[in-house]
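# Chains, contacts and geometry: an overview
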Amino acid sequence: MEPKTSETPVALIMGVTGMAGFSLAEALKDPAALGGPWKVLGAARRQTPPWFPPSLLDSYISFDALDTKDTHHSLSPISDQVTHLFWVALQVGPNEDTDISSNSTMLKNVLTTLTSSTPSSRLRHISLLTGTKHYMGPFDDPAFYPKSRAIPLELPFREGTARLPYPLFYYSLEDLIASYSPKLTWSVHRSSIIIGASSRSIYNTLLTLVVYALICRREGFQFRFPGTRYTWEHFCDVTDAGLLARHQIWAATSDGAKNQAFNCTNGDVFTWKSFWGVFAEMFGLEAVAPVDGYGDDDDVGGFNWVGEMEKKGGVWDSIVRENGLVETKLEEIACFGVLNTVLHFRFQHVSSMNKSREFGFLGYVDTLKSLRSWVERLREMNIIPKI
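Note that the structure is predicted; figures quoted are calculated from it, not measured.

The subject of this paragraph is the overall build of the protein chain. When helices and strands are counted, the protein chain shows 16 helices and 13 strands. Taken against the 2.2 N^0.38 rule, which gives 21 Å for 387 residues, the C-alpha radius of gyration of the protein chain at 21 Å falls within 12% of a compact globule. Counting the 387 residues in the protein chain, one finds 57% classified as buried. Counting only contacts in the protein chain whose residues sit at least 6 apart along the sequence, the fraction spanning at least 24 positions is 79%. For the protein chain, the accessible surface area stands at approximately 16,400 Å², while carbon and sulfur atoms represent 51% of it.

Shown next as structure tokens:
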């Protein structure tokens, strides 16, 4: 029997066209999804891209969450329906202070509209996606990162670790959702590097590396690891976007997981050396190790990876045009600068999943196996060439 409308859970995914949002929509529409069947509403600033299947959403809304009036106008018609808000949206500016302001404004605008619905709001849970920057500080803000490197990190990252003495928009968003308790429950999901499929994610490690591999193949360059020998040889972890989606749905529907923050990674670790070998094989390239002594400076050894790749916009345009791909621009789909920072970390980037397991989430993904499936998804979506 179909559930009554008043009992049907209704999810609003903010940032639905990004890697996390796309996988969330797929997971919520799965007949086996916990708490379902779900009605799924999606929202983002722009219209959906050609690769996004309309069947994943019951409704799509395009609006600017930074604009209070636009948010109220766009969400008011559905504000009395939404039971679960999945916040996977992200706005990135030139510094952390800007990020705090913009991301807090967006979330506050949406929550204000959803909770002020008349005659009454149905919203009962907020799922917030953050990340391991929670433990590292604003590493991509030059004003803070040199200072934050002086503070020893507690590894692996654990949820109970005290906040760092730096402003961070993740902290601001956590405080904002917690302020709605006890009226609303919440969950925080601290992912590692997300691996998934989308052309609309700001920090897209997989697509950045795919673009690098394709340009190397086309230009006859070596597929050289652009990080340090330390990161090449030491452990790292990532988060599969599909696993992240299941993690979020689990917390949103499990009473024991309410009002908690959880790390979310695949549950395994890898070395970039092994990662690079799998990646090179997929694109018919030879994996080339970092140069001995390659350290902090981008151009040590004559290899300024970021600078060289940022000049290749025309090469990517040609690849897109010749293969009839979904139209994308290099600067929109690749994050060479941020990934370069990650590949120069002086610590092993690993998170503990013990808390999630203790609370009942037992999902896991084999990272090196998942790489192949996500690359294949990008091909199916016509974001990268099929061969």
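From this point, things continue past the structure.
Along any regular strand, the residues point their side chains to alternate faces of the sheet. Burial analysis of strand E1 (residues 10-14) places five of its five residues in the buried class, which makes it a mostly covered element. Where burial is concerned, the two faces of E1 agree: the one with Val10, Leu12 and Met14 and the one with Ala11 and Ile13 are both buried. Alignment of E1 against strand E2 (residues 39-44), held across five bridges, turns out to be parallel. Its bridge partner lying in E2, Ala11 is registered against Val40. Of the crossover connections in this fold, the one passing from E1 over helix H1 (residues 19-29) to the parallel E2 is right-handed. The pairing of E1 with strand E4 (residues 84-87) spans four bridges and is classified as parallel. From the neighbouring strand, Ile13 faces E4, where its bridge partner is Phe86.

Let's shift gears to empty space enclosed by the protein. Under the counting rule described, the total for this entry stands at one cavity of 30 Å³ or more. Forming the walls of the largest cavity are Tyr230, Thr231, His234, Phe235, Cys236, Trp272, Val342, Phe345, Phe347, Gln348 and His349. Considering only residue class, the lining of the largest cavity consists of seven nonpolar, four polar and no charged.

This part covers the nonpolar core. If you look at the biggest cluster of nonpolar residues, it comprises 85 residues, and the most contacted ones within it are Val210 and Phe279. With ten residues, the single largest contributor to this core is helix H7 (residues 205-219). The contacts of Val210, once residues within four sequence positions are left out, are Phe279, Phe283, Val375, Leu378 and Ile384. Judged by nonpolar contacts, the second largest core, of 38 residues, contains Ala65, Leu75, Val110 and Phe144.

Thresholds, definitions, all that
- Here, residues in each chain are numbered from 1, in the same order as that chain's written sequence.
- Local features are withheld for residues below a pLDDT of 70 in this predicted model, meaning they are given only at 70 or higher, and side-chain atom pairs are given and counted only at 80 or more; totals for whole chains, interfaces and linings count all residues.
- Hydrogens and water are ignored here; the side-chain numbers use all heavy atoms of the structure.
- Helix numbering and strand numbering both begin at the N terminus, where a helix is a DSSP run of H or I of at least 4 residues and a strand a DSSP run of E of at least 2.
- Our radius of gyration looks at C-alpha atoms and nothing else; its globule reference is 2.2 Å times the residue count to the power 0.38.
- Classification of residues uses two cut-offs on accessible area relative to the type maximum, computed with a 1.4 Å probe and protein chains only: under 20% is buried, over 50% is exposed, and between them is partly exposed.
- In what follows, residue pairs with any heavy atoms lying within 4.5 Å of each other are defined as contacts.
- The Shrake-Rupley method, run with a 1.4 Å probe, gives the accessible areas here. Residue values count only the displayed protein chains as cover.
- If DSSP finds at least two bridges between two strands, the strands pair.
- Seen with its strands pointing away from the viewer, a crossover is right-handed if its path from the first strand over the helix to the second goes clockwise.
- We place a 1 Å grid over just the protein atoms. Points where a 1.4 Å probe fits but has no way out form a cavity, open points with protein on both sides within 12 Å along at least 5 of 7 lines form a pocket, and any residue with an atom within 4 Å of a point lines it.
- Grid points are joined across faces, edges and corners, and a volume is the space filled by probe spheres set on the points.
- Any residue outside Ala, Val, Leu, Ile, Met, Phe, Trp, Tyr, Cys, Pro, Asp, Glu, Lys and Arg is labelled polar, Gly included; the first ten of those are nonpolar and the last four are charged.
- Nonpolar core, defined: a set of buried Ala, Val, Leu, Ile, Met, Phe, Trp, Tyr and Cys residues in which side-chain atoms within 4.5 Å join the residues together.

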